[in-house]
Amino acid sequence: MRWYVRELTDESAYDRYVAYVRHEHPDAEVLSRRDFERMRTGRQEADPRQGFRCC
Amino acid sequence: MRTANPRTIVIWTLVALVGAAGWTVLALSRGEEVSAAWMVAAALGSYAIAYRFYAKFIAYKVLKVDRTRATPAERLNNGIDFHPTDRRVLLGHHFAAIAGAGPLVGPVLAAQMGYLPGTIWIIVGVIFAGAVQDMVVLFFSTRRDGRSLGQMAREEIGPFGGAAALLATFVIMIILLGVLALVIVNALAQSPWGTFSIAMTIPIALLMGFYLRVLRPGRVAEVSLIGVGLLLFALVAGRWVAESSWADAFTLAPSTLVVWMVAYGFIASILPVWMLLAPRDYLSTFMKIGTIVLLALGVVIALPTLKMDAVTDFASRGDGPVFAGSLFPFVFITIACGALSGFHALISSGTTPKMIQKETQIRVIGYGSMLMESSVAVMALVAASIIDPGLYFAMNAPAGVIGDTVQNASQVVGSWGYQISPEALARAAENVEESSLLSRTGGAPTLAIGVSEIFSEVTGGSLRAFWYHFAIMFEALFILTALDAGTRVGRFMLQDILGNVYRPFRNVSWKPGLVITSAVVCGLWGYFLWVGVHEPLGGINQLFPIFGISNQLLAAVALAVCTTLLVKSGRLKWAWITGVPLAWDATVTLTASWQKVFSSDPKVGFFKQRQVFQDAIDRGEVLPPAKTMDDMHTVVTNSTVDGVLSAFLALLVVVVIVDATRVCVRHVRRPALSTLSEAPYVESKIIAPAGLIATKEEKEEESRAVVSAGTPSEAGTQPPAGPQ
């Protein structure tokens, strides 16, 4: 249940990102949560079609 | 060929019987009041059969979804926007993205023709057109790394058809925003309670944005709980404000609200996403899902009776006060999103295909979500049909027709055959603590009355006014979010188009370009909003058909792209799967456009309307419902704009369809000439169930994979512990 809530709200995005970077690029630097969330809103800013909702 | 076991046969026979019983009662009962339970039975029975048989057939026989083929989420996983997402989670995300105001407003307006035509189209339309479109677009976009509809049109049809599709999308976006804003203005005008609680959502969202940015980044669940709590408090406080001396400050005229709305849209769209848009989006999604679930429970628990006629006289006469035109084609145009929505093609191509785990899940995500959306439309139709038909027409007819006193309204509505006393009209407004409910057009207030009726049957009548404003707030919340997000998307398209003329516009973060394009987009939809509010003939009456037509035309574009792709990918035999819905949708929509442009009935045809009013101006006469010569000139200008726009949109879509046909014919004649830009096959390593509930074989397969690999696949792709 808790897992489901975290996934639906996309709160788990950061954990997913960390797991991904550690697994695929072990030497790369992992962003802090603050920087990661900033980068995410920045991406939405650059392409507003991401996460667009409908009528 | 496998044989079905007896249990399956018995279960599906029962489901078919439930659906058939619902349809029979709805179709045959005349004169007596029918329970909404039959509508629910007809809908759920039909959905279940369509999902089990038709959707499965399309997925496995037509599209041939391949469970061994890796999706873009698996191949291009970057841990951010491309990542394999659990199907139950993605179903939630996808549904939240496609469900909006459309399926709630359209059916309410369509109830003017009775509940039966609307019910039939919502259910039949979704099964054979809407859900098919969503699913097929999702499939083809998934095979193309999540390409957008516009990109697919350009690559698969050609630059000309692609450009027409892009331009049509932009125009449609502008009309959508104008009409949605109009719905909200009509709901908030002269309502201090509603206006106050909606205004409070802005500081609440700012607070949430600050919390997420600075205090505790990424903690969405807790901040959303805080936000919803504050929102409910704002709702309760709205009543205190409405009863206090502040009430005047929040009692705004429609034209004042227009100014506020456009200013909000402009400022919100140039502020950073984290400040307003992102937190608002969380709030509105929670409210939306919560209210839809509550409404479904309310309908099932209260099982109200339908008071509206099954088919009203307006269906054949075509002179209804809510929107003009006869049943064919206008009921289909008006319902729009709940049955077939072109906008969904924008979600099904783009975000969702980048997150889908397995091709086999396209059925549950694409087809399944759309069935859920359709059930929302059915609930909206129930909500509109359970209120007194007299009240329904008094709320939805333009002020120019029924006047602005309860006596006058009661008389006019009575002349249509729906008796309601002036006292009953006044009491209905008093019950929800509004000054008046007359001509509250746009669907949102009517839906709110229906919702408050259903909820107060469960919770008791003392909360009626609260539930009314709760429903208004819930719609206003996500329409305001849509204004912000839609302005950004419109701006993005405009930047792209202008970038061809003046390079710096291409750079989306170039500030002057950003401000200019935002202002242009807000100005454009603001124009339609202004026109809608000041239209003597009734803004919703004039503009909603254009909105419906534009949405259905976008669906025609999507279906044309799908059909072309089916033909080009060697599925000519199955091209009818989207070809028939395309033919139907094109017929309906182009007929509607034709009538809107050329009809000799001044209520329907924009140019005839223009001529009638222009002739009267030349004679120096003022025709009702216009009151002054200025009104007359307004009508002439608006009819001209609306008429030209309808013709222009229809023309763009004809261009796309003709171009798509050309490509299909060329492919059939000389297949060697066409190219197909499908991403190459890569074997999938993820093992995941196709449907919502894993079958026995799928569970076994999953556990075998875990044993042989030692560890589960990629971190984050599999839930450590599922909710089951």
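Residues numbered from 1 in each chain as written. Chains lettered and ligands numbered in written order. Predicted model: local features only at pLDDT ≥ 70, side-chain atom pairs only at ≥ 80, totals over all residues.

1. Some remarks on the overall build of chain A
Turning to step 1, where the next piece is worked out: For chain A, the count of helices and strands is three helices and zero strands.
Turning to step 2, where the next piece is worked out: Counting from the amino terminus, chain A carries its helices and strands in the arrangement α-α-α.
Turning to step 3, where the next piece is worked out: Whereas a compact globule of 55 residues would reach a radius of gyration of roughly 10 Å, chain A reaches 13 Å, over 25% beyond that.
Turning to step 4, where the next piece is worked out: For chain A, the spread of C-alpha atoms along the three principal axes comes to 45 × 35 × 20 Å.
Turning to step 5, where the next piece is worked out: Considering chain A as a whole, with its 55 residues, one finds that 31% of them fall into the buried category. (Helix = DSSP H or I, 4+ residues; strand = E, 2+ residues; numbered from the N terminus. Rg over C-alpha atoms; globule rule 2.2 N^0.38 Å. Buried ≥ 20, exposed ≤ 12 C-beta atoms within 10 Å, placed from the backbone.)

2. Re the overall build of chain B
Turning to step 1, where the next piece is worked out: A tally of regular secondary structure across chain B gives 29 helices and two strands.
Turning to step 2, where the next piece is worked out: A globule of 724 residues ought to have a C-alpha radius of gyration of about 27 Å, and chain B, at 25 Å, matches this closely.
Turning to step 3, where the next piece is worked out: Here the C-alpha coordinates of chain B stretch approximately 80 × 60 × 55 Å along the principal axes.
Turning to step 4, where the next piece is worked out: Here chain B, with 724 residues, has 57% of them falling under the buried criterion.

3. Thoughts on the environment of B:F547
Residues and elements named next belong to chain B.
Turning to step 1, where the next piece is worked out: As for its placement among the helices and strands, F547 is situated in helix α25 (residues 539-568).
Turning to step 2, where the next piece is worked out: As for F547 and L177, which are separated by 370 residues in sequence, their C-alpha atoms are 9.4 Å apart.
Turning to step 3, where the next piece is worked out: For F547, the residues in contact, after removing those within four places along its chain, are I175, L176 and V179. (Contact = placed C-beta atoms within 7 Å.)

4. A look at the packing of α25(B) against helix α28 (residues 629-669) of chain B
Residue and element names in this part refer to chain B.
Turning to step 1, where the next piece is worked out: Remark: α25 packs on α28, axes separated minimally by 9 Å, with the N-to-C direction vectors making an angle of 10°. On the basis of the axis angle, α25 is roughly parallel to α28.
Turning to step 2, where the next piece is worked out: Across the contact of α25 with α28, the residue classes tally to 16 nonpolar, seven polar and two charged. (Axes fitted to C-alpha atoms, helices over the stretch in contact; angles between N-to-C directions. Parallel < 35°, antiparallel > 145°, perpendicular 65-115°, else oblique. Nonpolar A, V, L, I, M, F, W, Y, C, P; charged D, E, K, R; others polar.)

5. Here we look at the nonpolar core
Residues and elements named next belong to chain B.
Turning to step 1, where the next piece is worked out: In this structure, L180, A394 and V557 are the most contacted members of the largest nonpolar core, which totals 236 residues.
Turning to step 2, where the next piece is worked out: When residues of this core are assigned to their parent elements, the largest contribution, 20 residues, is made by helix α23 (residues 464-499).
Turning to step 3, where the next piece is worked out: Counting residues in hydrophobic clusters, the runner-up holds five residues, among them L537, F613, A626 and M632. (Core = buried A, V, L, I, M, F, W, Y, C linked by C-beta atoms within 7 Å.)

6. Considering the interface of chain A and chain B
Turning to step 1, where the next piece is worked out: Contact with chain A, which involves 32 residues of that partner, is made by 45 residues of chain B.
Turning to step 2, where the next piece is worked out: Every element with two or more residues in the side of chain A that touches chain B is listed here: α1 (2-8), α2 (13-24) and α3 (33-46) of chain A.
Turning to step 3, where the next piece is worked out: Taken together, the residues of the side of chain A that touches chain B sort by class into 15 nonpolar, six polar and eleven charged.

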